[in-house]
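Observations on the three-dimensional arrangement
So you can see what is in the structure, the chains are spelled out below.
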Amino acid sequence: MTTSTRGAGKAPAVLVLEDGRIFRGRAYGAVGATFGEAVFSTGMTGYQETLTDPSYHRQVVVMTAPHIGNTGINDEDMESKKIWVSGYVVRDPARVPSSWRSRRTLDDELDAQGVVGISGIDTRALTRHLRERGAMRVGIFSGDAVQDDAALLARVQEAPEMKGADLSAEVATTEPYVVPAIGEKKFTVAAVDLGIKGMTPHRMAERGIEVHVLPATATVEDVYAVDPDGVFFSNGPGDPATADHPVSVMRGVLERGTPLFGICFGNQILGRALGFGTFKLKYGHRGINQPVQDRTTGKVEVTAHNHGFAVDAPLDKVSDTPYGRAEVSHVCLNDNVVEGLRLLDKPAFSVQYHPEAAAGPHDAAYLFDRFVSLMEGQRA
């Protein structure tokens, strides 16, 4: 929900939260008005990957790191073809990028893509407010869009909420495409695109997997038309409680016993397919420094996150599901939120975070190898 104009310089800007809290700063990127859910990301690097992650569709991202834009924008690190965030909030934007890979400034890229942002505000105070009150609707206004505070607040409160939002089809591919294996082809995977990041099929391709990326509307028949050795469900935006179609498709995969791997939204889809509920977190997990324990090994990983919803599954026991026994395989060490599921009687597992590590640590890359092992075991 953005209206913008380009090149209006450093006009005054106003950020208005739905509870009436107001921050004043200067325009950053495009000038105009935008609305979304205010969330904060704790990553100190990787802003280009964050901006182009489809999971951030209809969200206004607040960067907790104060200095943003110092490496500019390059043409290699995009996770999709465009910036998906609805708005962008930074404290101290870099005046001049300093990276040999940079092709243009972050300010110019936001401007060119019509992304309305604000700079020069106290992002630490805003982050504390969102931690205490929870993620909420927000509007950013600059240039001619600035009105009196009461009128701006009314516009924010009329904007749609994230809870109940069905957004996957808005960001997913509309046509199937193939990412070929790098080197010798070993497996074929059908990947259901719910908002997939570009690095994810690349990580599979590195392991000899030919990835057939399918639209979010793909049916079970579409999935099996590519004769897959495994099926993957991607990350994506919105409320998993609305994702009845992907849940139905995943149940079809589980019934056939095909090796299955899901990340982020895919983890929530697996939770629903197994009969667990989902719920909205107060302010979510976003950033590239979130500690997670793999309970199957005891290992602690530093991981990349972007989720505002979570699976409601018991941490202290194995659960009986229509597809056999299931357990929580990963847990967040900050708040005990479910970060992974696995079936004990079928080759299926998922994690809530982003093992493709773009941007982020590489601690969780082994999960793609675990997926390969499932497919090898099934073939044997």
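Criteria and cut-off values
Residues numbered from 1 in each chain as written. Predicted model: local features only at pLDDT ≥ 70, side-chain atom pairs only at ≥ 80, totals over all residues. Heavy atoms only, no water. Helix = DSSP H or I, 4+ residues; strand = E, 2+ residues; numbered from the N terminus. Rg over C-alpha atoms; globule rule 2.2 N^0.38 Å. Buried < 20%, exposed > 50% of the residue type's maximum accessible area, 1.4 Å probe, protein only. Contact = heavy atoms within 4.5 Å. Areas by Shrake-Rupley, 256 points an atom, 1.4 Å probe, with all protein chains shown as cover. Salt bridge = Lys/Arg side-chain N within 4 Å of Asp/Glu carboxyl O. Pairing = 2+ DSSP bridges. Expected span 1.5 Å × (residues − 1). Core = buried A, V, L, I, M, F, W, Y, C linked by side-chain atoms within 4.5 Å. UniProt positions renumbered as here; feature names shortened; annotations may be inferred. Phe/Tyr/Trp six-rings, centres within 6.5 Å; stacked < 30°, edge-to-face > 60°. Lys NZ or Arg CZ within 6 Å of the ring centre and 35° of its normal.

A count of helices and strands for the protein gives 10 helices and 21 strands. For the protein, the C-alpha radius of gyration of 21 Å lies close to 21 Å, the compact-globule estimate for 380 residues. In terms of overall dimensions, the protein has a C-alpha envelope of 65 × 40 × 35 Å along the principal axes. Taking all 380 residues of the protein together, 58% fall into the buried category. Of the contacts formed within the protein by residues at least 6 apart in sequence, a portion of 75% connects residues at least 24 apart. Of the roughly 15100 Å² of accessible surface on the protein, 47% is carried by carbon and sulfur atoms.

Evaluation of the coordinates by the stated rule reveals 21 salt bridges. Glu210 is the partner of Lys185 in a salt bridge, and the nearest nitrogen-oxygen pair spans 3.4 Å. One end of the pair, Lys185, is in the loop between strand 11 (177-179) and strand 12 (187-192); the other, Glu210, is in strand 13 (residues 209-214), with 25 residues separating them in the sequence. The partner of Asp294 in a salt bridge is Arg370, with the nearest N and O atoms 3.1 Å apart. With Asp294 in strand 16 (residues 277-294) and Arg370 in helix 10 (residues 366-379), this pair connects stretches of sequence that are 76 residues apart. Relative accessible area serves as the criterion here: at 1%, Asp294 is assigned to the buried category. Among the ionic contacts, a cluster of salt bridges with common partners joins Arg203, Glu206, Arg207 and Asp369.

The sheet contact formed by strand 16 and strand 17 (residues 300-312) spans 11 bridges and is antiparallel. Note that in strand 17 the partner of Arg286 across the bridge is Asn306. Counted between consecutive antiparallel strands, the loop separating strand 16 from strand 17 contains five residues, among which Gly298 sits at a positive phi close to 85°. Examined bridge by bridge, strand 16 and strand 19 (residues 324-332) share three bridges and lie antiparallel to one another.

A word on helix 8 (residues 244-256). The α-helix advances 3.6 residues per turn, and as a result positions three or four apart in sequence lie on the same side. Its 13 residues place the ends of helix 8 19 Å apart at the C-alpha level, agreeing with the 18 Å of an ideal helix rising 1.5 Å per residue. All buried positions along helix 8 are accounted for by Pro246, Val247, Val249, Met250, Gly252, Val253 and Leu254. Here the buried face of helix 8 lies against helix 7 (220-225), strand 14 (230-233), strand 15 (260-263), helix 9 (265-274), strand 20 (338-343) and strand 21 (348-351). Where helix 8 terminates, the next one or two residues include Gly257, which has phi positive at roughly 75°.

What follows concerns the nonpolar core. The biggest cluster of nonpolar side chains holds 33 residues, and the ones touching the most others in it are Phe233, Met250, Leu254, Leu274 and Leu341. Of all the elements in the fold, those that place two or more residues in this core are strand 12, helix 7, strand 14, helix 8, helix 9, strand 19 and strand 20. If sequence neighbours within four positions are ignored, Leu341 has contacts with Asn267, Leu270, Gly271, Phe276, Val311, Ala313, Glu327, Val328, Ser329, Phe349 and Ser350. Within the second largest apolar cluster, 23 residues are counted, among which are Val189, Phe261, Ile263 and Ala364.

Mapped onto this numbering, the UniProt entry annotates "domain: Carbamoyl-phosphate synthase small subunit N-terminal" (unreviewed entry) at residues 11-141. Note that residues 11-141 is 18% helix and 36% strand, and that its end C-alpha atoms are spaced 10 Å apart.

Positive phi, normally seen in glycine, also occurs at Arg58, with a value near 70°. Tracing the backbone through its elements, the reader meets Arg58 in the loop between helix 1 (47-51) and strand 5 (59-63). The exposure class assigned to Arg58 is buried, which follows from its relative accessible area of 17%. Located in the positive-phi region is Cys264, a residue other than glycine, with phi close to 60°. Structurally, Cys264 is set in the loop between strand 15 and helix 9. Given a relative accessible area of 2%, Cys264 falls into the buried group.

What follows covers the UniProt feature "binding site: L-glutamine" (unreviewed entry) in the protein. The residues that UniProt annotates with the feature "binding site: L-glutamine" (unreviewed entry) are Ser55, Gly236, Gly238, Phe265, Gln268, Asn306, Gly308 and Phe309. Their sequence span is 255 residues, while the largest C-alpha to C-alpha distance among them is just 13.4 Å; these annotated residues converge on one region. Relative to the helices and strands, Gly238 resides in the loop between strand 14 and helix 8. With a relative accessible area of 11%, Gly238 lands in the buried category. Among the structural elements, Gly308 can be located in strand 17.

Another point: the packing of aromatic side chains. If you walk through the whole model with that rule in mind, you get six aromatic pairs. Their ring planes at 50° and their centres at 5.4 Å tell us that Phe261 and Phe371 sit as a pair that is tilted. One end of the pair, Phe261, is in strand 15; the other, Phe371, is in helix 10, and 110 residues separate them in sequence. Residue class for Phe261 comes out buried when judged on its relative accessible area of 0%. What makes Phe371 buried here is its relative accessible area of 0%. Joined through ring pairs, the aromatic side chains of Phe232, Phe261, Phe349, Phe368 and Phe371 make up one cluster. Sitting above the plane of the Trp84 ring, Lys82 keeps its charged end 4.4 Å from the centroid. The side chain of Lys280 reaches across the aromatic face of Phe309, ending 5.6 Å from its centre.

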